[in-house]
Amino acid sequence: MIIVMLPGATHREVDGVVARIEAAGLRVHVSRGEERTIIGAVGDVRRLEPEALQVLPGVERVVRILHPFKLASREWHPEPSVVKVGDVEVGGDRLAVIAGPCSVEGEEMLVEAAKAVKAHGASILRGGAFKPRTSPYSFQGLGVEGLRMLAKVGKSLNMPVATEVLSEEHVGIVAELADCLQIGARNMQNFALLQEVGRTGKPVILKRGLMSSVDEWLQAAEYILSEGNHKVILCERGIRTFETYTRNTLDLSAVPLVKKLSHLPVIVDPSHATGRADLVGAMSKAAIAAGADGLLIEVHPDPPKALSDGQQSLRPDEFGRLMGELERIASAIGRPLTGVCHSGSGRQNSGRQAGSGRAAGMV
Ligand code: PEP
Ligand code: MN
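Residues numbered from 1 in each chain as written. Chains lettered and ligands numbered in written order. Predicted model: local features only at pLDDT ≥ 70, side-chain atom pairs only at ≥ 80, totals over all residues. Heavy atoms only, no water.

To continue, consider the sheet that holds strand 2 (residues 27-32). Reading across the sheet, the four strands line up as 2-3-1-4 and stay open at both edges, with antiparallel pairing between neighbours. Each edge of the open sheet is held by one strand with a lone partner, namely strand 2 and strand 4 (59-63). Strand-to-strand twist across the sheet, computed as the mean angle between neighbouring axes with direction ignored, equals 20 degrees. Where strand 1 (residues 2-5) and strand 3 (residues 37-42) come together, three bridges link them in antiparallel fashion. Each residue of the ladder has a partner; that of isoleucine 2, found in strand 3, is glycine 40. Together, strand 1, strand 2, strand 3 and strand 4 form the strand contacts of helix 1 (residues 11-23), whose direction differs from that of strand 2 by roughly 155 degrees. (Pairing = 2+ DSSP bridges. Helix = DSSP H or I, 4+ residues; strand = E, 2+ residues; numbered from the N terminus. Axes fitted to C-alpha atoms, helices over the stretch in contact; angles between N-to-C directions. Contact = heavy atoms within 4.5 Å.)

Listed below in C-alpha cells is the structure:
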C-alpha cells in the first residue's frame, strides 16, 4: 500500500503516518520527491485499513499496489531511479556501458582489457572473480585474489568495478572491494543472498534468471529493496527458449515493459543473451533503441584463449567499432554515452561465427 502525501505536507504529518503504519506492525519506506512525499507500507497490509490512513492529516490518497512487487513498482516511485556506481550514473540522462572480461584471469590480461574498454568509452569495468560454472571442472575464477586484482586495476584507471557475488559468505569482501555487486542469473532467486546484498547498501546488478518471468524478476528485486537498499539495476540477459542457434533468447520487449512497471534502471547484456560475438553488436544497438539504460558487454584481449565465454567476447577493436556505432544511436535518441567515446567506422563484424550456444560450461 502507498500513501501519497499532499504537496507541502509537513514532516510532522509524514511522521504521524509512519507511526500509524509501524504501530500496525508493517515496514515503512519513505520516498521524498521534489513535489511530494510517498510512503510505502509493506508487510501484511490486511492489518491496516486504508480508511484509517486516509483520514490522517497531510494524506492525499491511499493506493493499494496490486503487483506482487511493491517498492520496485512505478506506483511507489513514479520517477525513474538513478543508481550511482562510483561516480557513474545508471538510469540518468546518459547511457552507461559496463565492459570487461567474463573472468579475471590474471593481472596482465585484466589491465589490457580494462585499458581498452576505457579508451573506447566504457565507464564501469566488469570482471568475474567468483564464477558460476555449469561444470565443476571448468575454471572457477580466481576468487578473492581475482577480486583484489579487479579492485586494484579499477582504482588505477579510475573506473568503478562490478563483479558477481556467488555466495553469502563472500558478500562482505565483495562489498568491501567492488563498487557494484552482481547477482547472476543462476542466483536470481537465492533469497538469502538477495537479502544479504540488500543489507550492504551497495549498488547491485540483478540479472534476470534463465527461466524467470518478469514478475519473478521484480519480486527478486523486492528482496533487495525491502532490506533498505534502493540501488538496484536490473539486467536482461536472455532467457531459455527452444532455440539452439543462440545461447539464450534476448527478451528485448522486457526492456520497455519493465521500465513501465518499475522505476529501476534496466540494462541489457547481449553477450550472455546471444552467446555469440557476431550477434553482440546488433543486439546492443537494438537494446539501446528499445530504451535500455546501458549495456554489459564481455570484452577479452584474445577471445580464443579466454578461460570462460571466449565465443561471446568481443576483441578490443571490435568493441571500439561497436562503441562508435552506439554513439551515433545514443545521440539520435538524445542519451549520450557516459565515458569518453572514440568514433569508430564501418560495420561491426567479428569475423567469427559462434556455433550453438549450448556448449557445456559456458558461463
Ligand atoms: C557473467 O556476467 O559472467 C554471468 C555469469 O552472467 P549470467 O549470470 O547472466 O549468466
Ligand atoms: Mn560470462
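Moving on: the coordination of the manganese ion (ligand 2). Around the manganese ion (ligand 2), the protein contributes the donor atoms Cys102 (SG), His272 (NE2), Glu298 (OE) and Asp309 (OD), which lie 2.1 to 2.4 Å from the metal centre. We note that the donor set of the manganese ion (ligand 2) lies within a single chain, spaced as C-x169-H-x25-E-x10-D. In this pair, cysteine 102 sits in the loop between strand 7 (96-100) and helix 3 (107-119) while histidine 272 sits in helix 9 (residues 270-274), placing the two residues 170 residues apart along the sequence. Both residues of the pair, cysteine 102 and histidine 272, belong to the buried class. (Donors = N, O, S within 2.8 Å, 3.2 Å for Na, K, Ca; no water. Buried < 20%, exposed > 50% of the residue type's maximum accessible area, 1.4 Å probe, protein only.)

As a further point, take the sheet that holds strand 10 (residues 180-183). Pairing within the closed barrel is parallel, and its eight strands lie in the order 7-8-9-10-11-12-13-14. Between one strand and the next, the sheet's axes are offset by a mean angle of 25 degrees, whatever the strand orientation. Strand direction decides the pairing type here: strand 10 and strand 11 (residues 204-207), joined by three bridges, are parallel. Across the sheet, residue leucine 181 finds its bridge partner in strand 11, namely valine 204. Helix 7 (residues 214-225) rests against strand 11 and strand 12 (232-236) of the sheet, and its axis sits at about 160 degrees to strand 12.

This paragraph deals with the nonpolar core. Core analysis: the largest hydrophobic core is formed by 73 residues, its most contacted members being Leu206, Leu234, Ile297 and Phe319. Residue assignment places this core across two domains, with domain 1 (2-63) and domain 2 (83-362) each supplying three or more. Contacts of leucine 206, omitting those with residues within four sequence positions, involve Ile183, Met188, Leu194, Trp217, Ala220, Ala221, Ile224, Val232, Ile233, Leu234 and Cys235. By size, the runner-up hydrophobic cluster in this structure holds 15 residues, among which are Met1, Ile21, Ala24 and Val59. (Core = buried A, V, L, I, M, F, W, Y, C linked by side-chain atoms within 4.5 Å. Domains from an automatic or database assignment.)

What follows covers the packing of helix 3 against helix 4 (residues 143-157). Where helix 3 contacts helix 4, the axes come no closer than 10 Å and their chain directions differ by 40 degrees. In the packing of helix 3 onto helix 4, the handedness of the crossing is right-handed. On helix 4, the residues that touch Glu107, Leu110, Val111, Ala114, Lys115 and Lys118 of helix 3 are Met149, Leu150, Lys152, Val153 and Leu157. Its residues assigned to classes, the contact of helix 3 with helix 4 shows seven nonpolar, no polar and four charged. (Left-handed = near helix turned anticlockwise from the far one by under 90°. Nonpolar A, V, L, I, M, F, W, Y, C, P; charged D, E, K, R; others polar.)

Interpretation in functional terms is not warranted from these geometric data alone.
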